[in-house]
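Residue-level listing of the chains:
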Amino acid sequence: MRQDNASGHDIEPIERRKASSGLVDYSSPIVLYESSKSKIALIPYFIQHSDHSELKVKIQTLKKADPPFSWVECEEKSLSLNGQATGRLLYELNRLQAVSDENELGSYIVLRIGSGEIDLHGRDPEEVAKALIGVLGEKTIADHLSGVELGPRLAQALRYSVRLEEMKSAMIELHSHLDAGENEESIYQRWCENHPWSFGNQFVVTDEIRNISIQDQVDMLIPRINAGFRDIIELKRPNMEVLKFDSGHHDYYFSHDASMAIGQCHRYLDVFSEAASKGLMGHEDILAYHPTATIVIGRSKGWDDQQKRALHGLNSRLNDIRIITYDYLLAQGDSLVDYLSSETNGNI
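Just so it is clear, the model here is predicted, and its values are computed rather than measured.

S.K.: Is there a simple way to explain the overall build of the chain in this structure?
M.R.: Within the chain, the regular secondary structure consists of 8 helices and 15 strands. Counting over 348 residues, the chain shows a buried share of 34%. Residue pairs at least 24 apart in sequence account for 49% of intrachain contacts in the chain once pairs closer than 6 positions are excluded. Summed over its atoms, the accessible surface of the chain is roughly 22400 Å², and 51% of this surface lies on carbon and sulfur atoms.

So this is what it looks like as structure tokens:
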């Protein structure tokens, strides 16, 4: 049975047959091109795996032989594609077909959302941004958009949404590191350098400079956006202890690791305040004016209220230094992402 569809192509049933080897299935060749002397056919193969069926194809060139003028294969011009290449070919043909429907020169981003297409004409810019954000997580697309002139409202909505998706991904990454029990300080240093906003929305960038004197190098210097003055971040390992309990006096005190970090930051603050009171030598834009230091150390997952109160109380007695745990950093970042998500849902 053969029918014509709306696009003018024939609709034929595809019969899946078992090959004589019993290892694969196949269907009849599909003629892509034919002339009086040659033709190109596509032969589909179906590889059955335990949990899915994989499509492979062979693109075959045939020519007419001398009498009896039957079609014979030109093997040197045939090409076999595995499942990955077949899927890629289908993907690229669909993209190219979409561009072929356009008449103007330029760069095109081809998007397919769900099982259908979205008509973007006449839509409110915020609605368009919300519809597209699911596919804008791709870095190549985000980079492309940064150099494209968009309508101001659409551009703002897209960039805000892309930024929010990046923040969500960052928090998933931090959760993953901690859940996996990774304790290398370099992992968290790299993460914090890339995502300084996790320390509060007053911090959005970090300095590349780490040396505050010839002998002293801090983990991070982060500028406050409201004044430009720098604060110090000191990172320790998540598996370090934060608090110890004195059973004789029934109170908590800072562990040896935490106390050493406090002493280290106390000296850093003195050195930095003196060296950069009027601008760090060679980097006059880096200023120290009553800087503070935040130490990230240990875990507080599973702490009871007494332990949480103890850390809060001990921190309140420190001057310009505070200790937070990696779980506190998680909660702070998650809270900021949740807030921005609710703002987005209310405005887009």
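S.K.: I tried to follow unusual backbone geometry on my own but got confused; where do I start?
M.R.: Only a minority of non-glycine residues have a phi that is not negative, and only a minority of peptide bonds are not trans. One non-glycine residue with positive phi stands out, namely His-290, at about 50 degrees. Checked against the element boundaries, His-290 lands in the loop between α6 (256–275) and β14 (293–296). Of the residues examined, His-290 reaches a relative accessible area of 61% and is grouped as exposed. Backbone geometry places Asp-320, a non-glycine residue, at a positive phi of 65 degrees. With respect to the helices and strands, Asp-320 occurs in the loop between α7 (305–316) and β15 (321–324). The class of Asp-320 is partly exposed, set by a relative accessible area of 36%.

S.K.: What should I look at first to understand the pattern of salt bridges in this one?
M.R.: When the charged atoms of two side chains with opposite charge come close together, those side chains can pair. One pass over the full model with this rule turns up 7 salt bridges. Put simply, Lys-236 and Glu-234 hold a salt bridge, and the shortest N to O gap is 3.3 Å. With relative accessibility at 14%, the residue Lys-236 sits in the buried group. With relative accessibility at 3%, the residue Glu-234 sits in the buried group. Its salt-bridge partner being Glu-241, residue Lys-244 comes within 3.7 Å of it at the nearest N-O pair. The class for Lys-244 is partly exposed, based on a relative accessible area of 33%. A residue is classified by how much of its surface remains accessible, and Glu-241, at 41% relative accessible area, is partly exposed. What emerges from the salt-bridge pattern is a single network uniting Arg-16, Lys-18 and Asp-25.

S.K.: Just to check I follow, could you spell out the packing of aromatic side chains for this structure?
M.R.: The geometry of an aromatic ring pair is captured by two quantities: the separation of the ring centres and the angle between the planes. Applying the stated criterion across every chain yields a total of 4 aromatic pairs. For the ring pair Tyr-188 and Tyr-326, a centre distance of 5.0 Å and an interplane angle of 55 degrees mean the geometry is tilted. Taken together, the positions of Tyr-188 in helix α5 (residues 185–194) and Tyr-326 in helix α8 (residues 326–347) put the pair 138 residues apart, joining distant regions of the chain. Per residue, the accessibility class of Tyr-188 equals that of Tyr-326, and both read buried.

S.K.: I tried to follow the nonpolar core on my own but got confused; where do I start?
M.R.: Buried together is how nonpolar side chains tend to be arranged in soluble globular proteins. In terms of nonpolar packing, the biggest core is built from 28 residues, with Ile-232, Leu-243, Phe-272, Ile-295 and Ile-323 touching the most fellow members. Top contributing element to this core by residue count: α6, with 7 residues. If sequence neighbours within four positions are ignored, Leu-243 has contacts with Tyr-252, Tyr-253, Phe-254, Ser-255, Trp-303, Gln-307, Ala-310, Leu-311 and Leu-314. Residues Trp-197, Phe-199, Leu-235 and Tyr-326 belong to the second largest nonpolar core, which totals 24 residues.

S.K.: Help me understand a nonpolar patch on the surface, please; the structure alone is not making it clear to me.
M.R.: Among the surface-exposed residues, Ile-30, Leu-32 and Tyr-33 lie close enough to one another that they form a single nonpolar patch of about 300 Å² accessible area. Within the secondary structure layout, Leu-32 lies in strand β5 (residues 30–34).

Cut-offs and rules
- Residues numbered from 1 in each chain as written.
- Predicted model: local features only at pLDDT ≥ 70, side-chain atom pairs only at ≥ 80, totals over all residues.
- Heavy atoms only, no water.
- Helix = DSSP H or I, 4+ residues; strand = E, 2+ residues; numbered from the N terminus.
- Buried < 20%, exposed > 50% of the residue type's maximum accessible area, 1.4 Å probe, protein only.
- Contact = heavy atoms within 4.5 Å.
- Areas by Shrake-Rupley, 256 points an atom, 1.4 Å probe, with all protein chains shown as cover.
- Salt bridge = Lys/Arg side-chain N within 4 Å of Asp/Glu carboxyl O.
- Phe/Tyr/Trp six-rings, centres within 6.5 Å; stacked < 30°, edge-to-face > 60°.
- Core = buried A, V, L, I, M, F, W, Y, C linked by side-chain atoms within 4.5 Å.
- Patch = residues over 30% accessible without salt bridge, like charges linked within 9 Å, V, L, I, M, F, W, Y side chains within 5 Å.

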